[in-house]
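Secondary and tertiary structure notes
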Amino acid sequence: MSDLDRTLIYSPSALMLAGSDWDAPRLLCVEVYGGRPLSFVTERAAGLLAQVAETGMLVPTTTRTVEQYQRIHLPGPAPRYAICANGGRLLVDGVEDRDFTAAVEDRLAASAPHAEILDELTRVSDAGGAPAFVEKVRDAAGLFCYAVVNRSMLPSGWLEDLTEFADERAWGVSLQGRKVYLVPAPLTKAAAAAEVAQRLGVSTMAAAGDSLLDGELLEVADRAIRPNHGELADTGWARPHVDVTEADGVAAGEQIAEWMLEQVTTGPWPAGSDHQPPLPGHPN
Ligand SMILES: [Mg+2]
């Protein structure tokens, strides 16, 4: 299970290329948006990811909506399962699993309604004068919402107040790049990943991610890795079973791809199969 943005794929502003331009790695564009290249992996990462995908075990696990996810073309065969909308949608062979969607909507009854949170985000985003620190507020498939912000202009205490408001309503806040996400507490990548692991019949899971929204996923995985950048790195998040890349930016993405290939070739799941019975003696 792997997060995508700033874990496997990188926008130009997230590349963090070190050294001189002459030594920069060759990049492969994996997403075009509005006719322009938007997300990249290194050429070497592309080869590694294709090998991981060929085992059938790579499950993209993203906060992107289905529509945003479908713009991405990862190297190798298309993933059989993909988790979108932070665990709110499951794609099976590219098609939304309606039973999964229905089960998620039941779970969401435990947190405050989406409309109340969206209203508050819209209200606090109205700067009341130029220049505005929030560029836009967006609804994500009626499941969660986010604001695109100018980070250097955020009023002090703004994020903290919003976090407190959300907290009281069983919602969480995550700041990633220029986006402030508000997500209901029951909507997690970890819950969706557990469901996919069960469908695949695997009893062990490896995971990668960079943000607070990935924390629980890394937590429940048997082995995990996070890049040396992003929200988890910024907060010093560490667990004994979670590796950290040496590199940051798109080079970290390459190290994560390398790590994932290592897991599928030396891990408890033999390569070349997408359905494994639980291992004898392994606690489920
Ligand atoms: Mg990410």
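All of the points below concern the structure found in this document.

Parameters and conventions
- Residues numbered from 1 in each chain as written.
- Predicted model: local features only at pLDDT ≥ 70, side-chain atom pairs only at ≥ 80, totals over all residues.
- Heavy atoms only, no water.
- Buried < 20%, exposed > 50% of the residue type's maximum accessible area, 1.4 Å probe, protein only.
- Helix = DSSP H or I, 4+ residues; strand = E, 2+ residues; numbered from the N terminus.
- Pairing = 2+ DSSP bridges.
- Arc of directions from axis to C-beta.
- Polar contact = N/O pair within 3.5 Å; in protein donor to acceptor, adjacent residues only side chain to side chain.
- Axes fitted to C-alpha atoms, helices over the stretch in contact; angles between N-to-C directions.
- Parallel < 35°, antiparallel > 145°, perpendicular 65-115°, else oblique.
- Left-handed = near helix turned anticlockwise from the far one by under 90°.
- Contact = heavy atoms within 4.5 Å.
- Nonpolar A, V, L, I, M, F, W, Y, C, P; charged D, E, K, R; others polar.
- Patch = residues over 30% accessible without salt bridge, like charges linked within 9 Å, V, L, I, M, F, W, Y side chains within 5 Å.
- Areas by Shrake-Rupley, 256 points an atom, 1.4 Å probe, with all protein chains shown as cover.
- Salt bridge = Lys/Arg side-chain N within 4 Å of Asp/Glu carboxyl O.
- Lys, Arg positive; Asp, Glu negative; His and termini not counted.
- Charge placed at Lys NZ, Arg CZ, Asp CG, Glu CD.
- Donors = N, O, S within 2.8 Å, 3.2 Å for Na, K, Ca; no water.

1. Considerations on the pairing of strand E3 (residues 81-84)
It is a general feature of regular strands that their side chains alternate between the two faces of the sheet. Of the two faces of E3, the one lined by Tyr-81 and Ile-83 and the one lined by Ala-82 and Cys-84 are each fully buried. As paired strands, E3 and strand E4 (residues 89-92) are joined by four bridges and run antiparallel to one another. Looking at E4, one finds that Ile-83 is bridged to Leu-90. From the end of E3 to the start of E4, which pair antiparallel, there are four residues, and Ala-85 there has a positive phi angle of about 50°.

2. Some remarks on helix H3 (residues 98-107)
Each α-helix turn comprises 3.6 residues. Residues three or four places apart therefore point the same way. For H3, the set of buried residues is Phe-100, Thr-101 and Val-104. Along H3, the residues classed as buried sweep out an arc of 100° about the axis, all on the same side. Opposite its buried face, H3 presents the exposed residues Arg-98, Asp-99 and Asp-106, each directed more than 90 degrees away. Sitting at the amino-terminal end of H3 is Asp-97, which places a side-chain oxygen 3.1 Å from the backbone nitrogen of Asp-99.

3. Considering the packing of helix H4 (residues 114-125) against helix H5 (residues 158-167)
Running from N to C, H4 and H5 cross one another at 160°; their axes reach a closest spacing of 11 Å. The pairing of H4 with H5 is recorded here as roughly antiparallel in orientation. In this structure, H4 crosses over H5, and the sense of that crossing is right-handed. Facing Glu-116, Ile-117, Glu-120, Leu-121, Val-124 and Ser-125 of H4, the residues of H5 in contact are Trp-158, Leu-162 and Phe-165. Among the residues making up the contact of H4 with H5, the classes are represented as six nonpolar, one polar and two charged.

4. Focus on a negative patch on the surface
There is a patch of like negative charges on the surface, built from Glu-160, Asp-161, Glu-164 and Asp-167. Structurally, the position occupied by Asp-161 is in helix H5. The class for Asp-161 is exposed, based on a relative accessible area of 52%.

5. Considering the coordination of the magnesium ion
In this structure, Asp-3 (OD), Asp-5 (O) and Asp-210 (OD) serve as the protein donors to the magnesium ion, at separations of 2.1 to 2.2 Å. Between consecutive donors of the magnesium ion, the numbers of intervening residues give the motif D-x1-D-x204-D. Of this pair, Asp-5 sits in the segment before strand E1 (27-33) while Asp-210 is found in the loop between strand E10 (206-208) and helix H7 (215-220), placing the two residues 205 residues apart along the sequence. Asp-5 gets classed as partly exposed once you look at its relative accessible area, which sits at 25%.

6. Digging into the sheet that holds strand E9 (residues 179-184)
Strand order in the open sheet formed by four strands is E6-E7-E9-E8, and the pairing between neighbours is antiparallel. Only two strands of the sheet have a single neighbouring strand rather than two, namely strand E6 (134-140) and strand E8 (171-176). For this sheet, the mean inter-axis angle between neighbouring strands, taken without regard to orientation, is 15°. Two strands pair when backbone bridges link them, and strand E7 (residues 144-149) and E9 are joined in this way by four bridges, in the antiparallel orientation. Note that in E9 the partner of Val-148 across the bridge is Lys-179.

7. Quick look at the pairing of E7
With six of its six residues buried, E7 lies for the most part within the structure. The alternating pattern of E7 places Phe-144, Tyr-146 and Val-148 and Cys-145, Ala-147 and Val-149 on opposite faces, both of which are buried. In the sheet, E6 pairs with E7 via six bridges, with the strands oriented antiparallel. In the sheet register, Arg-138 faces E7, and the bridge partner there is Tyr-146. Between E6 and E7, which follow one another and run antiparallel, lie three residues, and Ala-141 among them has a positive phi close to 55°.

8. A closer look at the sheet that holds strand E12 (residues 242-244)
Working definition: the strands of a sheet are paired by backbone hydrogen bonds and lie parallel or antiparallel to each other. Taken together, the three strands give an open sheet; going across it, the order is E10-E11-E12, and neighbouring strands pair in parallel fashion. Two strands close off the open sheet at either side, each with one partner strand: E10 and E12. Averaged over neighbouring strand pairs, the angle between their axes works out to 20° when direction is ignored. Relative to strand E11 (residues 223-226), E10 is paired through three bridges, and the arrangement is parallel. Its bridge partner lying in E11, Ala-208 is registered against Ile-225. Along the sheet, helix H9 (residues 250-266) makes contact with E10, E11 and E12, crossing E11 at roughly 170°.

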